[in-house]
Amino acid sequence: MTSAAVDEHRGLGEYELFERYVGTSTPVILRGAIDHWPARRKWTRTFLRERYGDAEIELSSTETAERTVGRLRDYLALPERERAKWYLCDWNVRQQCAELLDDIVTPDGFEIDWMRHVPREERPDMLWIYIGHAGTRGPLHVDNYGTSAWLGVLRGEKLVRFVEPGDTPADELQAADVFATRRRGRAFPMRDAHLRAGDLLFVPAGCWHAAMNPTYCLSVTANFLDGANLSANRSFWLQRWHGRSILAGEIDRLARTRNAAARARLARHLSRAVDGWQAELAAEQEALEELAARLRSHGS
Ligand SMILES: O=C(O)CCC(=O)C(=O)O
Ligand SMILES: [Fe+2]
């Protein structure tokens, strides 16, 4: 089965990005959007080996759920036959190599991150460097905590395969190997993002996806919370992380914001979140009324 292609643009404006993609939970490739990052030129294999060769890293098996600990130097120098077996998936930038933050720039249109309202001790830290040799890949998954992500490729190439939204049960998706040449089980429609160095990909909250590296690939993934995914995961945020105070805090900020472009951007996110929340409540209200009517019809 062939996969359709994820939309791609070069120089897409921030308004379009939100209206067409972020606000509608649709993946999109922004070609060349991180070409200007200092990290694009600086983070060569030699640089990583010389600066972080001794760093202790955790590797994930490409085939199984196994994990193992090693040194970055040894991972970069793995013999050919071992290379596709292990993937460095979660090298936490803020905790393990914070100085590298200077070499990356939050991409335009992704500056809003409402995660900052989550109490510090509960706030997940989700800025990761991925390093994989040719043939490494990860399982089909949705990102944690109902967050969306942006993913920038610094070196090499990456294929990210999305499952189109549909009714395939989660356990079936979890068990699927979307990169197998002959897949078993029910086929579901998919959409591919072929990324090259310098490209950025938007990964919407709740979208099933898996990545594989056809070449050595170095990338950065950052998860975030904004107007689109807060409303899409309302009940989760309400229970866990105080959805209401996140919105109240941002509405206060809107009142203080003078810059017209920043005001417009924040206002779009806030209406997406509040409208989404209201629509969901209205649907719940309707469903409850229907249940109440059924109950009444049974004579209680
Ligand atoms: O680059 C990868 O292998 C996976 C990226 C991804 O899906 C993630 O960080 O959630
Ligand atoms: Fe992911």
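Only a predicted model underlies this, so the values are computations on that prediction, with no experimental measurement involved. (Residues numbered from 1 in each chain as written. Chains lettered and ligands numbered in written order. Predicted model: local features only at pLDDT ≥ 70, side-chain atom pairs only at ≥ 80, totals over all residues. Heavy atoms only, no water.)

Visitor: Help me understand helix H1 (residues 14–21) in this model?
Guide: An α-helix turns once per 3.6 residues; consequently, residues spaced three or four apart project the same way. What H1 keeps buried is the set Leu17, Phe18 and Tyr21. Each buried residue of H1 sits inside an arc of 110 degrees when the element is viewed along its axis, so together they form one side. In the core, the buried residues of H1 are packed alongside strand S2 (8–9), strand S3 (28–30), strand S11 (200–203) and helix H10 (260–297). (Buried < 20%, exposed > 50% of the residue type's maximum accessible area, 1.4 Å probe, protein only. Helix = DSSP H or I, 4+ residues; strand = E, 2+ residues; numbered from the N terminus. Arc of directions from axis to C-beta. Contact = heavy atoms within 4.5 Å.)

Visitor: Help me out: how do you make sense of the coordination of the iron ion (ligand 2) in this one?
Guide: Angles between donor atoms at a metal ideally measure 109.5 degrees for a four-coordinate tetrahedral arrangement and either 90 or 180 degrees for a six-coordinate octahedral one. Within the protein, His141 (NE2), Asp143 (OD) and His209 (NE2) serve as the donor atoms for the iron ion (ligand 2), at 2.1 to 2.2 Å. Here the donor residues for the iron ion (ligand 2) map to a single chain with the spacing H-x1-D-x65-H. Taken as a pair, His141 in the loop between strand S7 (127–132) and strand S8 (148–155) and His209 in strand S12 (residues 209–212) lie far apart in primary sequence, 68 residues in all. Take His141: its relative accessible area is 31%, and that puts it in the partly exposed class. (Donors = N, O, S within 2.8 Å, 3.2 Å for Na, K, Ca; no water.)

Visitor: In this structure, what is going on with the domain arrangement of the protein? I would like to understand it.
Guide: Note: interface size is frequently given as the accessible area lost on complex formation between the parts. Assigned domains of the protein: these are domain 1 (4–225) and domain 2 (231–297). Taking only C-alpha atoms into account, the centre of domain 1 sits 28 Å from that of domain 2. Between domain 1 and domain 2, the residue contacts involve 21 residues of the former and 18 residues of the latter. Roughly 1800 Å² is buried in total at the junction of domain 1 and domain 2, and carbon and sulfur atoms are behind 63% of that figure. It is Phe18, Ile112 and Trp114 in domain 1 that bury the most area against domain 2; as a group they hold 32% of the surface buried on that side. Counting the contacts that link domain 1 with domain 2 gives four salt bridges. The closest approach of N and O atoms between Arg265 and Glu111, which form a salt bridge, is 3.8 Å. Between the two partners, domain 1 and domain 2, sit five residue pairs in polar contact (both at pLDDT 80 or more). In the side of domain 1 that touches domain 2, the residues fall into 11 nonpolar, five polar and five charged. (Domains from an automatic or database assignment. Buried area = accessible area lost by both parts, 1.4 Å probe. Salt bridge = Lys/Arg side-chain N within 4 Å of Asp/Glu carboxyl O. Polar contact = N/O pair within 3.5 Å; in protein donor to acceptor, adjacent residues only side chain to side chain. Nonpolar A, V, L, I, M, F, W, Y, C, P; charged D, E, K, R; others polar.)

Visitor: What exactly am I supposed to notice about the environment of Arg83 here?
Guide: Along the polypeptide, Arg83 turns up in the loop between helix H4 (72–76) and strand S6 (86–92). For Arg83 and Val105, which are 22 residues apart along the polypeptide, the C-alpha to C-alpha distance reads 30 Å. Dropping the residues within four chain positions of it, Arg83 is found in contact with Leu78, His133 and Thr136. Reaching out from Arg83, the side chain makes a polar contact with the backbone oxygen of Leu78 at a distance of 2.8 Å.

Visitor: Sorry if this is basic, but what is going on with the sheet that holds strand S10 (residues 190–196) here?
Guide: Strand pairing in a sheet relies on backbone hydrogen bonds, with the paired strands running either antiparallel or parallel. Read from one edge to the other, the open sheet built from four strands follows the order S1-S10-S9-S12, with strand pairing classed as mixed. Two strands close off the open sheet at either side, each with one partner strand: strand S1 (4–5) and S12. Where S1 meets S10, two bridges bridge the pair, whose relative direction is parallel. Within the sheet, the bridge partner assigned to Ala5 lies in S10 and is Asp192. (Pairing = 2+ DSSP bridges.)

Visitor: In this structure, what is going on with the packing of aromatic side chains? I would like to understand it.
Guide: Aromatic ring pairs are defined here through the distance separating the ring centres and the angle between the ring planes. Using the criterion set out here, one finds six aromatic pairs in the structure. Relative to Tyr52, the ring of Phe47 lies with its centre 6.3 Å away and its plane at 75 degrees, an arrangement referred to as edge-to-face. Assigned by exposure class, Phe47 and Tyr52 land together as buried. In this structure an aromatic cluster arises from ring pairing among Phe47, Tyr52 and Trp91. Above the face of the Tyr216 ring, Arg45 is positioned so that its terminal group lies 3.8 Å from the ring centre. (Phe/Tyr/Trp six-rings, centres within 6.5 Å; stacked < 30°, edge-to-face > 60°. Lys NZ or Arg CZ within 6 Å of the ring centre and 35° of its normal.)

Visitor: Can you walk me through the sheet that holds S11 in this structure?
Guide: In spatial order, the strands read S2-S3-S11-S8-S13-S7-S6-S4-S5; together these nine strands make up an open sheet with mixed pairing. In the strand order of this sheet, the two ends are held by S2 and strand S5 (67–71), each with one partner. Where S8 and S11 come together, four bridges link them in antiparallel fashion. Across the sheet, residue Ala149 finds its bridge partner in S11, namely Val203.

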